[in-house]
Structure formats: structure tokens, C-alpha cells
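# Coordinate inspection notes
Here are the chains, one letter per residue:
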Amino acid sequence: MEIKITLNGKLLTREIEADMLLIDFVRSEGCYSVKRGCETSNCGLCTVLMDGTPVLSCSVLAARANGHKIDTLEGLTAEAEEFVGFIADQGAEQCGFCNPGFVMNTIALLRENPDPTDEEIKKFLVGNLCRCSGYEGQLRGIRAFLEYRRGGNHE
Amino acid sequence: MITFKNYVRAESLEEAYELNQKKNNVIVGGMMWLKMMDKNFGTAIDLSGLGLDTIEEDDEYFRIGAMVTLRQLELHEAFNAYTKCAAKHSVEHIVGVQFRNTATVGGSIYGRFGFSDVLTLFLALRAKVELVGAGIVDLAEFTEMSRKDRDVLVRILVPKDTESVVYLSQRNISTDFPVLAVAVAKTPEGCCYSVGARPHYAKIVTSKEPMSAEEVVNAFSFGSNTRASREYRKKVCEVLVKRAGEML
């Protein structure tokens, strides 16, 4: 079947199988930031934005995304660059496999709630699993970014 | 893993119903649970083009479309004002924001899953389901109907005469399935006690006068699974019902 998807701002028309998953579609278009971590809709590594809303691309049919706008990290590097350095400064991540999904969901969080509390950050990002860390470094990194944006110091 | 030969974004409820009469076809809600199956389907029927992704309100009911996501339920101001945030409390521990942006209320209710927080809440709210096929049916009755019917769930209707409702659940770890879920509502018919994740699907008991936590526990059956034993669930149920009663 034929689908039209606006992937990272570019309108694509493609012939796909009816049961193709969105994760496999975006990866077939070279968006390798989108990772398959769990296969059980649990880990958040495959997070993409569908019309601006973060969803698990492993659980969405590419056919359902027909006519919609999909953004992956490849298309949002400028927005991500604003804060990823703060997370890196905390040495938060070790292997980095969970990073793209985590960054995508953080972008969604900051668009919806530009100045979240710790509790709001945790609640929004709880569906992004990281097996190396205890999440404290990521939380410190986001906190440092928010502090910097409010005009405070960047430690 | 599941496979489909065809995908159809239904253009009418009649088309969806028609397609769904074939046993090898399936309606795709959020696909969160469906994709965990190991099955080859003929046609995937998608209801996402039918405008069923809204929560509407009139004098009598909140009308919740089958394709409304759990996240919409969590954030809907009027519905959360009415349920005193019980709607939010019933879904906020389910996996994560991205999951809840995709999982649908219709999928949760239609599946009548044992672990369902959503079913537990909606039973206490004395909801009805609107089906293409059987028409409007009480949710309590729907939970007892055959899982093999080929009807299409269109909306969930929540009557607006509940005075107060509280939702509480116990989880072994945040974002996991509940070990036990309790919703208690004060209604014109009396107190409604809905208990889910026993680990069987939620059921409801209604009483003119408030029941003691012990009486509520005795009104339900409990079982054991990998998450908790029958005895533990009974204890948790007693505590949650007592707390909910105090919060009502």
C-alpha cells in the first residue's frame, strides 16, 4: 500500500507492507537514532514525535502514520543541542543506547512544560529506561539546563 | 509477533463492523497489547479516521470515544474535575507518557483485561458501552459477555450523577501492572466498590449503605500469580478500600 509521511520535514511517498511498524519505516529511511530496545512497548528507546506527540514507534503501524508528521532526533538536532551537553556534563550515560529516545521525550516534555519541577520531570520521563544509570545524572543534567535557562550558572 | 495482510482505515462504523465479522480480521486500538500476540491476521481495521478521539459532554453523560488515548483521559480537565482526578490516578502509573499517548480507552475496555486500571475505574463510574451490534450495554454486563463477539466498541458513556469517586492501586514497582486496583464511588444507587487485578478482571459490588473493608474483601474472589499471592491481595484490598472510604 502507498503512504505519505512527512518525515523530519520532508514529504515521502512510499510503497509499504500493511503490517510495517513505524520504527522499521523510519529506520529504512536512515533514521538510525530510533532504537528497538524491548519489543514490549516498555523501554521508550523507539520514541518519535507524531504530530508533535511522543509515541512508541515500535507500537504504531506505519500505515496509521499515513498523512501525519513524524520527527526523529535526526530532524531535531538543534532543539536537542540546547540541553544534551548539560546531561553529558553530568556523565549521566555510559553506553548511550537509550539516549535518542530519552532526548526525544525530553524535547516533548520541555515543549509541553518549559519549566518542570523534579516531580514533573520524573513523571514524564519514567517510560524511558536506562540500564546503565540510576537516572540521577540525567535529572541533574536537566536541572542544570533549566537553571542555566533561568539565567543562573552553568556548573 | 503479529502480521497483517491488509490495512483498512475504516470510513464508517458500518464498514468497520462489516470487516470485523470475518474472524481473521481484527480492530487495532492502540496495538500495545495486540502486538504481543503471535498471530497472522487478514485485515487490520483502523478506527482512527472516524473522529472517535474526543471526550464530549452533555447534560447526562461524558461520551468518551474508543480511540481517546489514556493520556487524553489523564489530562482532560472537565472529566478530571468530575472524577476528582480519579481518571488521572487510574492511568498515570501505566508504563510512560509515550505508551499512554498510543494506548486507547477503547482497547483497554474492549480487552476486559485482568490487569486493567481503566476497567476498574469505569465500572465504579457505572459506565455503559456503545457497541455497533449489541447497542448500549452496561459495562458490568459487557465484562461478562463472550470475548468472541464481533461488535465494534464506539464509545464509553459515563453518567454524570456520581457524587464522589476515589481510585487507588498498589504496584510492586512504579509503571508495572497493578497488584490490586480499587475504585469506590458514591452514587444515587449507593456505594459502588470495584476491585480489579485480583488478578482477574474487575468486578463491582453495590450496597445502599457503606460496607466495611472486610465485607468488601469477602464479596470478591482473589487469586495468586507471579506478582502477588491471594492472601497478600486480600490484605491490600482491605487497606485500599479502607483508605478510599476515608477519602470519599
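Cut-offs and rules
Position numbers for residues count from 1 along each chain, tracking the sequence in the order it is written. Both sets of labels track the order of writing: A upward for chains, 1 upward for ligands. Selection of residues for local features in this predicted model requires a pLDDT of at least 70, selection of side-chain atom pairs for listing and counting requires 80 or more, and totals for whole chains, interfaces and linings are taken over all residues. To obtain the side-chain values, all non-hydrogen atoms of the structure were used and water was disregarded. A run of H or I in DSSP counts as a helix once it spans at least four residues, and a run of E counts as a strand once it spans at least two, with each numbered from the N terminus. The globule rule is 2.2 Å times the number of residues to the power 0.38, and the radius of gyration it is compared with is taken over C-alpha atoms. Relative accessibility under 20% of the residue-type maximum defines a buried residue, over 50% an exposed one, and the middle range a partly exposed one, all with a 1.4 Å probe and only protein chains included. In this description, contact between two residues means that some pair of their heavy atoms is separated by no more than 4.5 Å. Note on areas: Shrake-Rupley with a 1.4 Å probe; residue coverage comes only from the protein chains shown. The domain boundaries here were taken from an automatic or database domain assignment. As used here, buried area is the combined drop in accessible area, with a 1.4 Å probe, of two parts when they are placed together. Two strands pair under a simple rule: DSSP has to find at least two bridges between them. Axis lines are fitted to C-alpha atoms, over the contacting stretch for helices. Their N-to-C directions set the angle, which ranges from 0 to 180 degrees.

### Details of the overall build of chain B
Scanning chain B for helices and strands turns up ten helices and twelve strands. Its C-alpha radius of gyration of 18 Å places chain B within 12% of the 18 Å reference for a compact globule of 248 residues. Based on the C-alpha atoms only, the size of chain B along its principal axes is roughly 50 × 45 × 30 Å. In chain B, which comprises 248 residues, the share counted as buried stands at 53%. Residue pairs at least 24 apart in sequence account for 59% of intrachain contacts in chain B once pairs closer than 6 positions are excluded. As displayed, chain B offers around 10700 Å² of accessible surface, 51% of which is attributable to carbon and sulfur atoms.

### Here's the deal with the domain arrangement of chain A
All names here are of chain A. Assigned domains within chain A: domain 1 (2-74) and domain 2 (76-149). Measuring from the centre of the C-alpha atoms in domain 1 to the corresponding centre in domain 2 gives 21 Å. Facing 16 residues of domain 1, the contacting portion of domain 2 comprises 17 residues. Summed over both sides, the interface between domain 1 and domain 2 buries roughly 1300 Å², with carbon and sulfur atoms accounting for 68% of that surface. The largest per-residue losses of area from domain 1 upon contact with domain 2 belong to Leu45, Leu49 and Leu73, which jointly make up 42% of the total buried on that side.

### Description of the pairing of strand β3 (residues 39-46) of chain B
All names here are of chain B. Most of β3 sits inside the fold, with six of its eight residues counted as buried. Across seven bridges, strand β1 (residues 2-9) lies against β3 in parallel orientation. Each residue of the ladder has a partner; that of Val8, found in β3, is Ile45. Note that strand β2 (residues 26-28) and β3 share three bridges and pair parallel. Bridging across to β3, Val28 finds its partner in Asp46.

### Some details on the domain arrangement of chain B
Residue and element names in this part refer to chain B. When its domains are assigned, chain B resolves into domain 1 (2-42), domain 2 (55-159) and domain 3 (164-247). Spacing between the C-alpha centres of domain 1 and domain 2 amounts to 20 Å. Every contact between the two is made by 14 residues of domain 1 and, on the other side, 13 residues of domain 2. Together domain 1 and domain 2 conceal approximately 1100 Å² of surface at their shared face, both sides included; 71% is due to carbon and sulfur atoms.

### Description of the sheet that holds β1(B)
Residues and elements named next belong to chain B. The sheet built from three strands is open, its strands ordered β1-β3-β2 with parallel pairing. Strands with a single pairing partner mark the edges of an open sheet, and in this sheet they are β1 and β2. The mean inter-strand angle of the sheet, taken between neighbouring strand axes irrespective of direction, is 40 degrees. Along the sheet, helix α1 (residues 13-20) contacts β1, β2 and β3; its crossing angle with β3, the most-contacted strand, is approximately 165 degrees.

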